[in-house]
Amino acid sequence: MKTYFADIVLPLAVPNAFTYRIPQDLNDYIQIGMRVIVPFGVQKLMTGVVIAIHENPPKNYTAKYVDSILETDPIVTQKQIKFWEWMSTYYLCHRGEVLLASLPAGLRLSSESSFILNPAFDGDTTGFTEREMTVVEAISNREVLSADEISKVLGVKKYQPILKRLLETGAVMIMEGVKERYTPKTETLVKLSPSIKSESELQLAFEQVSRAAKQEAVLLTFLGETQEMPEGQKIISKTLLQKKADATATQVKALVEKGILELEEVIVDRIAPFLGDTKALPELSEIQDKALRSIKGFFEQNKVTLLHGVTASGKTEVYINLIRECLDRGEEVLFMVPEIALTAQMIGRMQRHFGDDVLVYHSKFNQQERVEIWNKVLYNKPGSGKLVLGARSAVFLPYSHLGLIVVDEEHESSYKQMDPAPRYNGRDSAIVLAQIHGANTILGSATPSFESMHNAESGKYGYVEMGERFGGMLMPSITTAKLGAKQGAKGYFTLDLIQSITEALASQEQVILFQNRRGYSPVVICQVCGWSPECTRCDVTATFHKSKDRLVCHYCGSKYTVPVTCHSCGSHKLDVGGYGTERIEEEVAIHFPKAKIARLDLDATRSKNAYQQIISDFQYGNIDILIGTQMVTKGLDFDRVRVVGILNADLLVRYPDFRSTERAFQLMTQVAGRAGRRDKRGKVLVQTYDPEQWIVQRVINGDYLPVFQHEMAERKNFHYPPYTRMISLMFRHKELELVDFTAGEYFKGLKTFIESHRILGPEYPSVARVKNRYHKQIILKLPLGPSLKQTKQKLLAFNDQFFSKKQFRPVRLIIDVDPQ
């Protein structure tokens, strides 16, 4: 009989997969894509995924045996494994890191330490403390105890010193086990006992409970709730029965013990089904219909297609028609949005057309819910959903017959994963995923990313334009309001903006105010010497949050008490400088005391349903003025928004990044697009100290192409994307000198295979210390073409050689391909 080996990816940040020997009794059962339990290290078990099966033993070590397999069918498809391979290669990360990003934690078994008596232990407890003897006795009685169970036996949380001593004396030993994290959700159902088949037997049951009024009420309620149900299907949820009968679990249990009722445990979905009615496809305008036909034409040429439609042009209706055609063919569709926030409105729109075929997947779901969605996609049972609506992590689901990927708001930087690895771009990864599946891809935006627009202009992508709003709606009128003149009480609102808000509220219309900075104030400052409190762990000032009465670092999350005196000169003259959304909310309440005001930023939306609640309240008119950060710019659709105020456009423009002009134009255009999306023309006021500045004037005129062409010329001259490929190399360590030395030596090594003019740095970033770790950065601007792949391979080989030296090992190198 042949001997087989399996290459297995473990959830570890290491370059290679591990090869294990497959036991003979598993040869006929193990498959690529299965989870397996394998020994790793000393007395430790881990779970991994099989990515290859072959007959070649490893050359440099003796293969250990696979311990066991965890399911009868693979939970990862071979197309997913191919996708993992591409992602690890392109983004210069490890396959184990991609596995960690892909699999819900509920599908990754956790290693759990348990303790058993050492077979060599002779039972001599001389010198043991009372607690040590308690542990030995407990393990002796129960054979195996987990660390948590030992903690409970001792009645203390700090049990580690006791276990450490018992391990040192050889009395106990560790037995590594694995623990399944996912547990299906169950529901207890109640039905009548099979022994009760006739009216007379039911009468006898009532006689049994005649002296127990509550039990009798439970029985009557059960019969009343199930009387319309067919024979053999009279069953009801135990929770519902107790609620309807105003009873307790004890009273239901008593009826079970008397043989009148029976309980049955069933597995149920955590994801609530859609119970509403679905609608027919929306009727398309002439422009939408033309766009739909053009997109299909590009699909026939196997081209990724960029749909450039102004705000409120009706791009979603075009998507819906394309999705319907895919679902009718029995194919799967992935509809991607850049933020979890955007799914709230989009879910309702999609469910109205596709009902229970819609699945939602994002990181705000708990791990149990994520596993259930994973399984629905993997097994794709009838009615379990074929349209997946999700954020960037939805690219990792186990699709089997993907037909279409829609990337909405494709320009958004939120598609980029920042930390941890893999630092992938969801939009770019979706395009590769579609290629692997032979699916079509459509990218949609009112302000396409300049990289995507460049691909469209060069003919790599198809290009479809929708230049008018749906139904003849007018684009909003955009005007500037000069800060520093005609100001309101505090200078945050010009008189023009205050007047526009007043008029909107008088007409019972809504207002959105955009300030891309959260908190109350970015700085507390001494009026005498200029001192400001800084984070003790980062090189930034702490932001004042008035609602919490705390200073908060937005880099590490550290919180500090607000000082009452200056720590430098001792003065009491402390004031706040600048303004964030919290301060704007306070000032708006002063100017408009009768208005209903809400804030939409990270601080206000930390809970699972907070964002959806705020959006719902605004949609149904329970909020008059919505103040927010860039969350309010992202594709939201409201009927009654008349006025949009951009409170300080200069903050968007004056940012040290080669994409700052592009992003400023996108943000201002997108937030302006929230205004006047139905009958009345909207009004947008852009507050700025320099109303004549070039980018503000381009926003007012809606001049996307001139901005694009200007920026492309600049980027070509200075070798920035899309004319080069950028890679960021960030060195991090707690010792500044070691970071300096390592980055300098690394730079010298890079110059041996990369031209000097393509290397920027090493240099400190704008915030050099974060969480007590110093940072220094090198940026590579590499030429496109076949040489790019070769340079990446050389870079990985150089990394291995460089960090094999002991002096550099403590420094962490963070590689970010295509940084945003």
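Residues numbered from 1 in each chain as written. Predicted model: local features only at pLDDT ≥ 70, side-chain atom pairs only at ≥ 80, totals over all residues. Heavy atoms only, no water.

A. Region of the structure containing the overall build of the chain. Across its full length, the chain carries 24 helices and 34 strands. By the compact-globule yardstick of 28 Å for 820 residues, the chain fits well, its C-alpha radius of gyration being 31 Å. Viewed in the frame of its principal axes, the chain has a C-alpha envelope of about 85 × 75 × 70 Å. Out of the 820 residues in the chain, the part that is buried amounts to 52%. Restricting to contacts in the chain with at least 6 residues of sequence separation, those with at least 24 account for 75%. Here the chain displays about 38,800 Å² of accessible surface, and carbon together with sulfur accounts for 49% of that area. Taking the average location of the 102 positive side-chain charges in the chain and that of its 95 negative ones, the two points are 5 Å from each other. (Helix = DSSP H or I, 4+ residues; strand = E, 2+ residues; numbered from the N terminus. Rg over C-alpha atoms; globule rule 2.2 N^0.38 Å. Buried < 20%, exposed > 50% of the residue type's maximum accessible area, 1.4 Å probe, protein only. Contact = heavy atoms within 4.5 Å. Areas by Shrake-Rupley, 256 points an atom, 1.4 Å probe, with all protein chains shown as cover. Lys, Arg positive; Asp, Glu negative; His and termini not counted. Charge placed at Lys NZ, Arg CZ, Asp CG, Glu CD.)

B. Representation of the pattern of salt bridges. Overall, the coordinates contain 28 salt bridges when judged by the stated rule. Here R427 and E410 are joined by a salt bridge, their closest N and O atoms 3.2 Å apart. Placement of R427 in helix α14 (residues 426-437) and of E410 in the loop between β16 (402-408) and α14 is noted, with a sequence separation of 17 residues between them. Take R427 and E410: they sit in the same class, and that class is buried. Residue D740 pairs with K776 through a salt bridge whose shortest N-O separation is 2.8 Å. Of this pair, D740 sits in helix α23 (residues 736-750) while K776 sits in strand β33 (residues 773-783), placing them 36 residues apart in sequence. Classification of D740 by relative accessible area gives partly exposed; the value is 27%. Here the residues in one salt-bridge network are E410, R427 and D428, joined through shared partners. (Salt bridge = Lys/Arg side-chain N within 4 Å of Asp/Glu carboxyl O.)

C. Seen up close, the sheet that holds strand β29 (residues 683-688). Here six strands make up an open sheet; going across it, the order is β19-β29-β28-β20-β27-β26 and the pairing parallel. Looking along the sheet, the strands with just one partner apiece sit at the ends: β19 (477-482) and β26 (597-600). Strand-to-strand twist of the sheet, defined as the mean angle between neighbouring strand axes without regard to direction, takes the value 20°. In the sheet, strand β20 (residues 510-514) pairs with strand β27 (residues 625-628) via four bridges, with the strands oriented parallel. Each residue of the ladder has a partner; that of L513, found in β27, is I627. Contacts from helix α18 (residues 610-619) reach β20, β26, β27 and β28 (641-646) within the one sheet, and its direction differs from that of β26 by about 140°. (Pairing = 2+ DSSP bridges. Axes fitted to C-alpha atoms, helices over the stretch in contact; angles between N-to-C directions.)

D. Just helix α3 (residues 130-142), in detail. Across its 13 residues, α3 extends 18 Å between first and last C-alpha, which sits within 8% of the 18 Å expected from 1.5 Å per residue. Every buried residue belonging to α3 is among E132, V135, V136, A138 and I139, and all of these are buried. Along α3, the residues classed as buried sweep out an arc of 165° about the axis, all on the same side. More than 90 degrees from the buried face of α3, the exposed residues found are E130, E137 and N141. E143 occupies a position one or two residues after α3 and carries a positive phi of about 70°. (Expected span 1.5 Å × (residues − 1). Arc of directions from axis to C-beta.)

E. Fine view of the packing of aromatic side chains. Counted by the stated rule, this structure contains 26 aromatic pairs. Geometrically, the ring pair formed by F658 and Y720 is stacked, given 4.6 Å between the ring centres and 20° between the ring planes. With F658 in the loop between α19 (650-653) and α20 (660-672) and Y720 in the loop between α22 (704-717) and β30 (724-733), this pair connects stretches of sequence that are 62 residues apart. Site record: aromatic cluster; members linked through ring pairs are F731, F741, Y746, F753, F798, F802, F803 and F808. Directly above the aromatic system of Y764 lies the positively charged group of K776, at a separation of 4.5 Å from the ring centroid. Cation over ring: K781 sits above Y720, and NZ or CZ is 4.0 Å from the ring centre. (Phe/Tyr/Trp six-rings, centres within 6.5 Å; stacked < 30°, edge-to-face > 60°. Lys NZ or Arg CZ within 6 Å of the ring centre and 35° of its normal.)

F. Quick look at unusual backbone geometry. Backbone torsion omega between D419 and P420 reads -5°, so that peptide bond is classified as cis. If you trace the backbone, P420 turns up in the loop between β16 and α14. Note the cis peptide between P721 and P722, where omega equals 10°. As for its placement among the helices and strands, P722 is situated in the loop between α22 and β30.

G. Geometry of the layout of surface pockets. As a volume, the second largest pocket reaches approximately 1,100 Å³. In terms of lining, the second largest pocket is formed by 34 residues, of which the most central are L92, C93, H94, L796 and I815. Residue composition of the lining of the second largest pocket, grouped by class: 18 nonpolar, six polar and ten charged. (1 Å grid on protein atoms, 1.4 Å probe; cavity = no way out; pocket = protein on both sides within 12 Å on 5 of 7 lines; lining within 4 Å. Points joined across faces, edges and corners; volume = space filled by probe spheres on them. Nonpolar A, V, L, I, M, F, W, Y, C, P; charged D, E, K, R; others polar.)

H. How the structure looks around the sheet that holds strand β2 (residues 18-21). Overall, antiparallel pairing links the five strands, which are arranged β2-β1-β4-β3-β5 in an open sheet. Across the chains shown, the open sheet's two edge strands, defined by having one partner strand only, are β2 and β5 (68-69). Looking at chain direction, strand β3 (residues 35-39) and strand β4 (residues 45-54) are connected through five bridges and run antiparallel. By the bridge assignment, P39 is partnered in β4 with L45.

I. Representation of the confidence of the model for the chain. Across the chain, the average pLDDT comes to 88, with 94% of residues at 70 or higher. By mean pLDDT, the top-scoring element of the chain is α14 (98), and the lowest-scoring one is strand β8 (residues 172-179) (65). (pLDDT = per-residue confidence, 0-100.)

J. Up close: the side chain of R659. Within the secondary structure, R659 sits in the loop between α19 and α20. Apart from the residues lying within four places of it in its own chain, the contact partners of R659 are E451, R715, P721, P819 and Q820.

K. Structural detail: the side chain of T188. With respect to the helices and strands, the residue T188 is situated in strand β9 (residues 186-192). Since its relative accessible area comes to 18%, T188 is described here as buried. Every residue in contact with T188, bar those within four places of it in the chain, is listed here: I236, S237, K238, L263, E264 and E265.

L. Representation of the pairing of β16. Burial of β16 is extensive: seven of the seven residues sit out of reach of the surface. Bridge count for strand β13 (residues 332-336) against β16 is five bridges, and the pairing is parallel. Among the inter-strand pairings, M336 is bridged to a residue of β16, identified as V407. Where β16 and strand β17 (residues 440-445) come together, five bridges link them in parallel fashion. Residue pairing across strands places V407 opposite L443, the latter belonging to β17. In terms of handedness, the path from β16 via α14 over to β17 forms a crossover that is right-handed. (Right-handed = clockwise from strand over helix to strand, strands pointing away.)

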